[in-house]
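A look at the structure
Residues per chain are reported as follows:
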Amino acid sequence: MTAAAATAATTAIFTAPGSWLWLARHEGRLAWRDLRYLMTGGGRWRGRNVIIVFILLALGLHLIAFGVVGRHAHMTLDVGTRGFTSITGSFLLIFFLLLSQALEQVTRLFYGRGDLDLFRSSPASLRRIFVIRVLSIAVSTTMMALVIALPAINVLALFGGPHWFTGLGIAVAAAATTTGIALAMASILFDTLGPKRTRFASQVASAIVGSAFIIGIQAVAILSIGTLSPNTLFGSDLVLARMPEADGALWIPARALLGSVPDLAITVVAAALILTVPMVLLSGRLGGYAIATASVHHGGNRRAWSTRLFRTTSSRQLLQRKEWVLLFRDPWLASQTLMQLLYLIPAALLLWRFYGDSRGALIVLAPVLTMAAGQLAGGLAWLAVSGEDAPDLIATAPVSPTQNLVAKVEAVLIAVLAIFAPFLIGIFSHSWTMALIVATGILVSAFSSTLIQIWFRSQARRRYFRRRQTSSRIATFAEAFSSVAWAFAAAVAANESWFWIAPAIVAVLVLAGAYNIRPRATS
Amino acid sequence: MERTVSAALRVTGLRKTFQRPAVDGLDLKVGQGEFYALLGPNGAGKTTTLRMVAGLMQPDAGQVSIFGVDALADPVAAKRITAWVSDEPMIYDKLSPTEYLAFVAGLWGMDPAVAEKKSAALLEWLELKPHAHERCEDFSKGMRQKVALAGALVHEPKLIILDEPLTGLDARAARLVKDALLARVRQGCTVILTTHILEVAERMAERIGVISRGKLIAEGTLEELRKQSGSSNTSLEDVFLTLVAEQEPAQ
């Protein structure tokens, strides 16, 4: 064989159709188009606009990073146990967030992509396809890790020296580790629960993993030292007394972050092993999981929503009941919407801990609950308004559009109030004025988010719930800004100050702005 | 001889423009108890026309009257006597057929006892009874279409509008749907449907309208259409192709 022929044969292994490189290129193209969709919201690609937004975003993130880590730039390897605890604690917060994302992406591998049938019916190696897809998850998790870490690393390197760039290696290692762990977790879920329940279980596990660490830290902080701040807890004697010495193995990633190259090498090698071992061991089974999910049958008789299905009911009640039944019958959707309520656990603990205590300690509840209500209502309103699976039926029914809309808004607000009622009752028995402020905050914030969802409605299947934030980024931002402004107003009002009017005006302006730029109906 | 039936549907000067006119000053009259098929090539404006009639889309101009009710001025009254079935059955995955029918019956304000009896009969007739309490999420396209059709029939509409109702159905399911529609017509109900399956229009429809570029270019019984196209003893397919070809711009 000539040298040219040998080169051609080698090239073919990587570039021929079905080869590793060919499949990787295919995945890369799909990932790039997903990213582009995320950046443009499905609209036209305007390079200049994207670059401007990117620069503004990068500047904003660097400013935030400066505020958060700027003062730690001169930290060195002799920070001691207190410093290592603080660094490791902060690192773990991000690590669990990455793990949550990776778990969701790995599970989606088997349920989400419509092209799996094509691959399954083709002679291409399914094992190869899944290995490449797992690697692409590792890449996207790395991107996410870098989005979080890079501004902080840049700020630290600028003010403290280039040794901080070892943080890049830590970010990559964290992404690889979380992908490997997520793959192993998804496989265990499949093997123990089967394909029918894994998607939901993984969804719940992902939400718990993502929030458990911060919630756990806050819970311990509230119960032990009476504060919500994790940093105060990390520096407390309670924690420091239980931590290993400064040269302990637990601090290897922290030492690597502070510029220790040997520790960085250990961390990267360990991460590579954690990713590679499950990938090699499990890649042969991944295709089987995908086939199993495609064969899932939900059938069988189920209990009806009522023993008396046919009864005289107003169309308003009927539409409301339909919204609640559809939500509660879809555990995946319910978990998507309700899991953010996990973040209310610290608020509940705070309420319990300071029950009967001074009014001051409860002030923190007003903004937390107001903000959570706005976000929850946004999700529920999207499902009710945009995620209507039978829009033609509703549109051709003898129910006026206003009646229909009022019923849906009521369905959302009643659900939100039902969820927050226990908190309101708890606060009411302590202080009725505080309960009134919190209830008003919850209702106004929820109603504002619902209005935004009505103005920016865009018909979609309920299963595309996750895409709601990319289909209208204006609606997403308006919803977030209005929730934050109402939360701020509730906090100031709870502090018995009339200055609550200022953030309330901001919230109204956000709503007015959203109303003015809402898409106009075309038919 | 001119038919003297009263109009179930009267459409006058209906117009809708997107980038170009989709429906261009369309006039249409369908008699009570008539089975009417609306044919046309892709993009001719059939679905847009029917969606405007069903109240799913607002026309730019024109009038729609259903059994004498001005559907644009009083849409709720018009919807009370109308049913709509599209080619893509839009039903709730998480409801069972019985729950879906109870929901539809409730929306149309039916008497619960009557609705329950009718639902049971429809589910039996459409061979859905064994699946009456299963959730629709695992149903095939044909089963979903049958559930949607049951939803359209349960509230006893006087006018049923169907857009490509037989797309994707197997022979048995298609036969069931066709039988159901013919039975309704025999009971005095009016049916308007669009279809690309010309054999369905040929066998079932009393009158056929051919639409092209948003305009009604021919209308009548098959015999009348043959005359209009200047060809006798030919199939509806030949007639249709001749009529549509005449409307195509010269290449």
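Quick look at the structure, then. These numbers come from a predicted model, not from an experiment.

Right, let's talk about helix α4 (residues 112-125) of chain B for a bit. Residues and elements named next belong to chain B. Its 14 residues give α4 an end-to-end C-alpha distance of 20 Å, which sits within 8% of 20 Å, the value for a rise of 1.5 Å per residue. Within the span of α4, buried status applies to Ala115, Glu116, Lys118, Ser119, Leu122 and Leu123. Contacts made by the buried residues of α4 are with α3 (97-107) and α5 (141-154). Phi for Glu127, located one or two positions after α4, is positive at around 60°.

Let's shift gears to unusual backbone geometry. We note that B:Phe67 has phi near 50°; this positive angle belongs to a residue other than glycine. Considering the arrangement of structural elements, one finds B:Phe67 in the loop between β4 (61-66) and β5 (69-70).

All names here are of chain B. For strand β1 (residues 7-17) and β4, the ladder comprises five bridges, and the chain directions are antiparallel. Residue pairing for β4: Arg15 is matched across the bridge by Ala61. Summarising the sheet, β4 and β5 pair through two bridges and their orientation is antiparallel. Residue Ser65 lies in a different strand from β5, and its bridge partner there is Asp70. The loop that links β4 with its antiparallel partner β5 comprises two residues; one of these, Phe67, has a positive phi angle of about 50°.

What the four strands build is an open sheet, ordered β2-β1-β4-β5 (chain B); its pairing is antiparallel. Two strands in the sheet have a free side with no partner beyond their single neighbour: β2 (21-31) and β5 of chain B.

A few words now on the sheet that holds strand β3 (residues 35-39) of chain B. All names here are of chain B. With respect to topology, six strands assemble into an open sheet ordered β6-β7-β8-β3-β9-β10, the strand pairing being mixed. The sheet is open, and its two borders are formed by β6 (82-85) and β10 (215-220), each paired with just one other strand. The average angle at which neighbouring strand axes cross in this sheet is 15°, direction not considered. Relative to strand β8 (residues 190-194), strand β7 (residues 159-163) runs parallel, the two being bridged by five bridges. Its bridge partner being in β8, Leu159 is matched across the sheet by Thr190.

Here the focus is the packing of helix α4 (residues 80-111) of chain A against helix α7 (residues 166-193) of chain A. Residues and elements named next belong to chain A. Relative orientation of the contacting elements α4 and α7 amounts to 50°, with a least axis distance of 8 Å. On the basis of their axis angle, the class for α4 and α7 is oblique. The two elements α4 and α7 cross, and the hand of that crossing is right-handed. Between α4, through Phe95, Leu98, Leu99, Ala102, Leu103, Val106 and Thr107, and α7, the contact on the second element is made entirely by Ala174, Ala175, Thr178, Thr179, Ile181, Ala182, Leu183, Met185 and Ala186. Residues that form the contact of α4 with α7 fall into these classes: 13 nonpolar, three polar and no charged.

The rules we used
Residues numbered from 1 in each chain as written. Chains lettered and ligands numbered in written order. Predicted model: local features only at pLDDT ≥ 70, side-chain atom pairs only at ≥ 80, totals over all residues. Helix = DSSP H or I, 4+ residues; strand = E, 2+ residues; numbered from the N terminus. Expected span 1.5 Å × (residues − 1). Buried ≥ 20, exposed ≤ 12 C-beta atoms within 10 Å, placed from the backbone. Contact = placed C-beta atoms within 7 Å. Pairing = 2+ DSSP bridges. Axes fitted to C-alpha atoms, helices over the stretch in contact; angles between N-to-C directions. Parallel < 35°, antiparallel > 145°, perpendicular 65-115°, else oblique. Left-handed = near helix turned anticlockwise from the far one by under 90°. Nonpolar A, V, L, I, M, F, W, Y, C, P; charged D, E, K, R; others polar.

Purely geometric numbers; function is a separate question.
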